[in-house]
Amino acid sequence: MGPQELGPTITLLAESFAESSWMSSGYAKLLEFLIKQYVVERRSLVPHAVMLVGVYKEGEGEGELACTAEVSFDARGANKDPPTPAAPRNCPYVCNMTVKKKLRRKGIGRQLLRACEELISQMKTIRKVYLHCRLIDTGPFEMYTKAGYSIVQTDSMLILLSFQRRKHLMCKELPPLVDSQFDTSDDEAAPSDRDQ
Ligand SMILES: CC(C)(COP(=O)(O)OP(=O)(O)OC[C@H]1O[C@@H](n2cnc3c(N)ncnc32)[C@H](O)[C@@H]1OP(=O)(O)O)[C@@H](O)C(=O)NCCC(=O)NCCS
């Protein structure tokens, strides 16, 4: 995410959060203020955590911000207040993935997830990637399952007492990085320079 994408990304995250919490879209504007603080803080954690964005372009136009996802690579990039069931803090973790509502079911989410995995493969030697998925989110659950993620642990019913939705912790073991697998023509870092 570059500085010019900050505003549209905050709007997209606020709309997505309002949608997933069944709030009216009017709340999205209020949420933007809080989300901005969060995003600014997360951006300061590069290279331990990054926010990715994708632009959707049709024809010659400039394109529009279509999706975003956050990746933390290690304990320094991990969220201070992580959801349950707890993921290992030193392992790569994907969260806050969302695609603009009108652009869903075009394969963008799948591509974004793949981009997160490719970045993790290039940054880390740890091969396990974790993410959370709420039990009620059957669409995202299908996407993650199709992409090779499986359930590690599920919140117990007791979590309902804290007014939270039950979530699955899911994990995927990435295949070993083969040098020719990704286009690394712009990457001058030798493999030994990669973060451990
Ligand atoms: C989850 C989300 C990112 C998926 O993005 P997307 O661009 O629509 O996903 P894709 O088009 O790449 O779909 C990939 C596969 O996931 C599954 N899938 C995605 N959305 C689905 C839905 N609403 N219902 C059922 N299956 C769904 C399908 O298997 C789909 O493959 P198919 O279209 O060939 O059947 C998007 O729905 C979203 O932003 N949701 C709101 C935020 C959210 O829930 N984020 C995930 C938090 S865990």
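Rules used in this analysis
Positions within a chain are numbered from 1, following the residues in the order the chain's sequence is written. Per-residue local features of the predicted model are confined to residues with pLDDT of at least 70, and side-chain atom pairs are confined, for both listing and counting, to 80 or more; whole-chain, interface and lining totals are unaffected and use all residues. Water and hydrogen atoms play no part in the side-chain values, which are based on all heavy atoms of the structure. In these notes, residues near a molecule or strand are those with any non-hydrogen atom within 4 Å of it. Nitrogen and oxygen atoms within 3.5 Å of one another constitute a polar contact, given that in protein one can donate a hydrogen and the other can accept it, and given that sequence-neighbouring residues count only through two side-chain atoms. In short, Shrake-Rupley with a 1.4 Å probe defines the accessible areas, and a residue's cover is counted only from the protein chains shown. Secondary structure elements follow DSSP: runs of H or I of four or more residues count as helices, runs of E of two or more count as strands, with numbering from the N terminus. What goes into a patch is any residue over 30% in relative accessible area without a salt bridge, connected to like charges within 9 Å or, for nonpolar side chains (Val, Leu, Ile, Met, Phe, Trp, Tyr), within 5 Å. Salt bridge criterion: a side-chain nitrogen from Lys or Arg within 4 Å of a carboxyl oxygen from Asp or Glu. Strand pairing follows a simple DSSP-based rule, namely that at least 2 bridges must link the two strands. Under this scheme, a helix contributes an axis fitted over its contacting stretch, all axes are lines through C-alpha atoms, and angles between N-to-C directions fall in the 0 to 180 degree range. UniProt positions are given in the numbering used here, feature names are shortened, and annotations may be inferred rather than shown by experiment. Buried Ala, Val, Leu, Ile, Met, Phe, Trp, Tyr and Cys residues that are joined via side-chain atoms within 4.5 Å together make up what is termed a nonpolar core. Note on classification: 1.4 Å probe, protein chains only; a residue is buried when its accessible area is under 20% of the maximum for its type, exposed when over 50%, partly exposed between these limits. Two residues qualify as a contact provided that any one of their heavy atoms is within 4.5 Å of a heavy atom in the partner residue. Any two rings among Phe, Tyr and Trp, with Trp reduced to its six-membered ring, count as a pair given centres within 6.5 Å; such a pair is stacked if its planes are under 30 degrees apart, edge-to-face if over 60, and tilted if neither. A crossover gets the label right-handed when its path from the first strand over the helix to the second runs clockwise, viewed with the strands pointing away from the viewer.

Peer 1: Account for the site of the ligand, naming residues and giving values.
Peer 2: In the vicinity of the ligand lie 18 residues, with V99, R105, G109, E142 and K146 positioned nearest. Between the ligand and G107 there is a distance of 2.8 Å, counted from an oxygen atom to a backbone nitrogen or oxygen. Contacts to the ligand include E142, whose side-chain N or O atom sits 2.8 Å from an oxygen atom. Relative to its unbound accessible surface of 900 Å², the ligand loses 77% to contact with the protein. Looking at the shell around the ligand, the elements with two or more residues in it are β3 (93-99), α3 (108-123) and α4 (138-146). For the shell around the ligand, the leading source of residues is α4, giving 6 residues.

Peer 1: Lay out a nonpolar patch on the surface in plain terms, naming residues and giving numbers.
Peer 2: A contiguous nonpolar patch, built from F17, M23, Y27 and L30 and spanning about 410 Å² of accessible area, is present on the exposed surface. Along the chain, Y27 turns up in helix α2 (residues 26-43).

Peer 1: So, the sheet that holds strand β5 (residues 150-154): which residues are in play, and what are the values?
Peer 2: The 6 strands lie next to each other as β1-β2-β3-β4-β6-β5, forming an open sheet whose pairing is mixed. With partners counted over all chains shown, the strands left at the sheet margins are β1 (49-56) and β5, one partner each. Averaged over all adjacent pairs, the angle separating strand axes in this sheet is 30 degrees, with direction ignored. Sheet topology places strand β2 (residues 64-72) next to β3; 5 bridges connect them, and they run antiparallel. The residue of β3 that forms the bridge with E70 is C95.

Peer 1: Give a detailed account of the UniProt feature "domain: N-acetyltransferase" (unreviewed entry) in the chain, specifying residues and quantitative values.
Peer 2: Per the UniProt record, "domain: N-acetyltransferase" (unreviewed entry) is found at residues 63-149. The straight-line gap between the two end C-alpha atoms of residues 63-149 is 31 Å; of that span, 29% is helix and 26% is strand.

Peer 1: Quick rundown of the nonpolar core? Include the residues and the values.
Peer 2: In this structure, V94, M97 and Y144 are the most contacted members of the largest nonpolar core, which totals 23 residues. For this core, the secondary structure elements donating two or more residues are β1, β2, β3, α3 and β4 (128-134). For V94, the contacting residues outside a window of four places in its chain are E70, V71, C116, I120, V129, Y130 and L131. Judged by nonpolar contacts, the second largest core, of 10 residues, contains L6, I10, A14 and A18.

Peer 1: Break down the packing of aromatic side chains for me, with residues and values.
Peer 2: How two aromatic rings sit relative to each other is given by the distance of their centres and the angle of their planes. Under the definition given, this model contains 1 aromatic pair. Each ring, one from Y144 and one from Y149, has its centre 6.1 Å from the other, and the planes form 65 degrees; the classification is edge-to-face.

Peer 1: A description of the environment of M97 should follow, citing residues and the corresponding values.
Peer 2: Residue position: M97 is located in strand β3. Remark: the alpha-carbon pair of M97 and A18, spanning 79 residues in sequence, is separated by 14 Å.

Peer 1: A description of the pairing of β3 should follow, citing residues and the corresponding values.
Peer 2: Most of β3 is tucked away: 6 of the 7 residues are buried. Sheet topology places β3 next to β4; 2 bridges connect them, and they run parallel. Across the sheet, residue V94 finds its bridge partner in β4, namely L131. As a crossover connection, the stretch from β3 through α3 into β4 is right-handed.

Peer 1: Outline unusual backbone geometry, supporting the account with residue identities and numerical values.
Peer 2: In this chain, V46 is followed by P47 through a cis amide linkage whose omega measures 10 degrees. By the secondary structure assignment, P47 is in the loop between α2 and β1. Positive phi outside glycine occurs at R105, with the angle close to 60 degrees. Checked against the element boundaries, R105 lands in the loop between β3 and α3. Taking the relative accessible area as the measure of exposure, R105 reaches 84% and is therefore exposed.

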